[in-house]
Amino acid sequence: MRVKVKSLREMLKEIFGEDIPADIPRKYKIYGDIAVVKIPSKYRHLKKEIGDLILKNDPRIRSVVNIEKIHGTFREPIAEVIAGDPNTVTTIIENSCRFKLDVAKLMFCLGNQHERVRLANIVFSDEVVVDMFAGVGQFSIPIAVHCKPERIFAIEINPTAFRFLVENIFINHVEEVIFPILGNCREVIPAFLKGRADRIIMGFIEYTNRYLDAALVALRDKGGIIHFHNVYNSEDAIEMAISDIKDAAERSRRRLVKVIHKRIVKEYGPKLVHVVIDAKIK
Ligand SMILES: C[S@@+](CC[C@H](N)C(=O)[O-])C[C@H]1O[C@@H](n2cnc3c(N)ncnc32)[C@H](O)[C@@H]1O
């Protein structure tokens, strides 16, 4: 049953009346049964009140988390519970898959849903896939559930994310398909996965171009497909991404034979966009 819930702007009238400041968030995101807001530091003194308002008005929500920022290699949030249950572990259900995670410690980008669904429709059953930045299984789990490839090697460096990745593999009953590996993909690939993959997923957006060389090591000699995500300046994002792939391929004595798909996934910041390129490499 759908519940009619007031918008955050409507809720905030209880605090500000009609004069709601323009820089206060207009919405919150929902992860399972947890609401996530980003309250600017200048309104820090109101965070408990805002959290209580959301909790009071939205029956779907068990606790409210304020995220100050996302930082570091592990893309970890700096977060705190501002209202409700202090337990921040929840389960997101998407595309018939269950993703358990701690929203105060890990990232799950709701804006990438289109990509997760798209990939879960294009992988073939005889393929070996390497997911270089597996997180809690955002790509590996739906691909395993819907495409049942021969094998997915899911590499994750952060032990907290890895713990949830392993749990999610069992929750979604895909332990026959996904082989999780805790480690740095740059070290794991040359050690264990050289020339094994038909398809590589590079779902990371912090200088992902620096990992292209490792991706190319994982690819079979006959070639395969790389799903390359990265952030670039919005003016020439797609061109820059393609040029990075081309250069890396040439460095590895390979060739970019075809750009199968290119898309701006989302805006990432002022003049910055997150792009994805599906590249066929020989
Ligand atoms: C932002 S998450 C994205 C998860 C998923 N690929 C997606 O696109 O939704 C990126 C993940 O990559 C992991 N990571 C970062 N550097 C890594 C590396 N060198 N090797 C393996 N995992 C890495 C981080 O810990 C994080 O869990």
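What you are looking at is a predicted structure, and each value in this text was computed from that prediction instead of being measured.

(A) Representation of the nonpolar core within the structure. Membership of the largest hydrophobic core comes to 38 residues, with the highest contact counts inside it found for V130, M132, I189, I200, M202, I226 and I281. Discounting residues that sit within four places of it in the chain, M202 has contacts with M132, F133, T208, Y211, L212, A215, I226, H227, F228 and H229. Counting 34 residues, the second-largest nonpolar core is a separate cluster that includes I92, V129, V145 and L165.

(B) Layout of the pattern of salt bridges. Using the criterion set out here, one finds 18 salt bridges in the structure. The residue R199 makes a salt bridge to E127 at a minimum N-O spacing of 2.6 Å. Pair noted here: R199 is in strand β10 (residues 199-202) and E127 is in the loop between α3 (113-119) and β7 (128-131), with a separation of 72 residues, a long-range link. Relative accessible area serves as the criterion here: at 8%, E127 is assigned to the buried category. Via salt bridges that share partners, E115, R118, R263 and D278 belong to a single interconnected network.

(C) The arrangement of the sheet that holds strand β1 (residues 29-31) in detail. Read from one edge of the open sheet, four strands run β1-β2-β3-β4, paired in mixed fashion. The sheet is open, and its two borders are formed by β1 and β4 (76-84), each paired with just one other strand. Pairs of neighbouring strands in the sheet enclose a mean axial angle of 35°, with direction left out of account. Bridging between strand β3 (residues 63-71) and β4 involves eight bridges; their strand directions are antiparallel. When the sheet's bridge partners are listed, K69 is paired in β4 with I78.

(D) Highlighting the domain arrangement of the chain. According to the domain assignment, the chain contains domain 1 (8-87) and domain 2 (108-281). Each of domain 1 and domain 2 was reduced to a C-alpha centroid, and the two centroids are 32 Å apart. Facing eight residues of domain 1, the contacting portion of domain 2 comprises eight residues. In this assembly, domain 1 packs against domain 2 so that about 670 Å² is buried in total across both faces, 64% of it on carbon and sulfur atoms. For domain 1, the biggest contributors to the area lost against domain 2 are Y31, F74 and R75; these three give 69% of the whole.

(E) Looking closely at the packing of helix α1 (residues 8-16) against helix α2 (residues 47-57). Running from N to C, α1 and α2 cross one another at 125°; their axes reach a closest spacing of 10 Å. On the basis of their axis angle, the class for α1 and α2 is oblique. Like other packed secondary-structure pairs, α1 and α2 cross with a definite hand, here right-handed. Touching L8, M11, L12, E14 and I15 of α1 are E49, I50, L53, I54, K56 and N57, all from α2. Counted by class, the contact of α1 with α2 contains seven nonpolar, one polar and three charged residues.

Conventions used here
Residues numbered from 1 in each chain as written. Predicted model: local features only at pLDDT ≥ 70, side-chain atom pairs only at ≥ 80, totals over all residues. Heavy atoms only, no water. Core = buried A, V, L, I, M, F, W, Y, C linked by side-chain atoms within 4.5 Å. Buried < 20%, exposed > 50% of the residue type's maximum accessible area, 1.4 Å probe, protein only. Contact = heavy atoms within 4.5 Å. Salt bridge = Lys/Arg side-chain N within 4 Å of Asp/Glu carboxyl O. Helix = DSSP H or I, 4+ residues; strand = E, 2+ residues; numbered from the N terminus. Pairing = 2+ DSSP bridges. Axes fitted to C-alpha atoms, helices over the stretch in contact; angles between N-to-C directions. Domains from an automatic or database assignment. Buried area = accessible area lost by both parts, 1.4 Å probe. Parallel < 35°, antiparallel > 145°, perpendicular 65-115°, else oblique. Left-handed = near helix turned anticlockwise from the far one by under 90°. Nonpolar A, V, L, I, M, F, W, Y, C, P; charged D, E, K, R; others polar.

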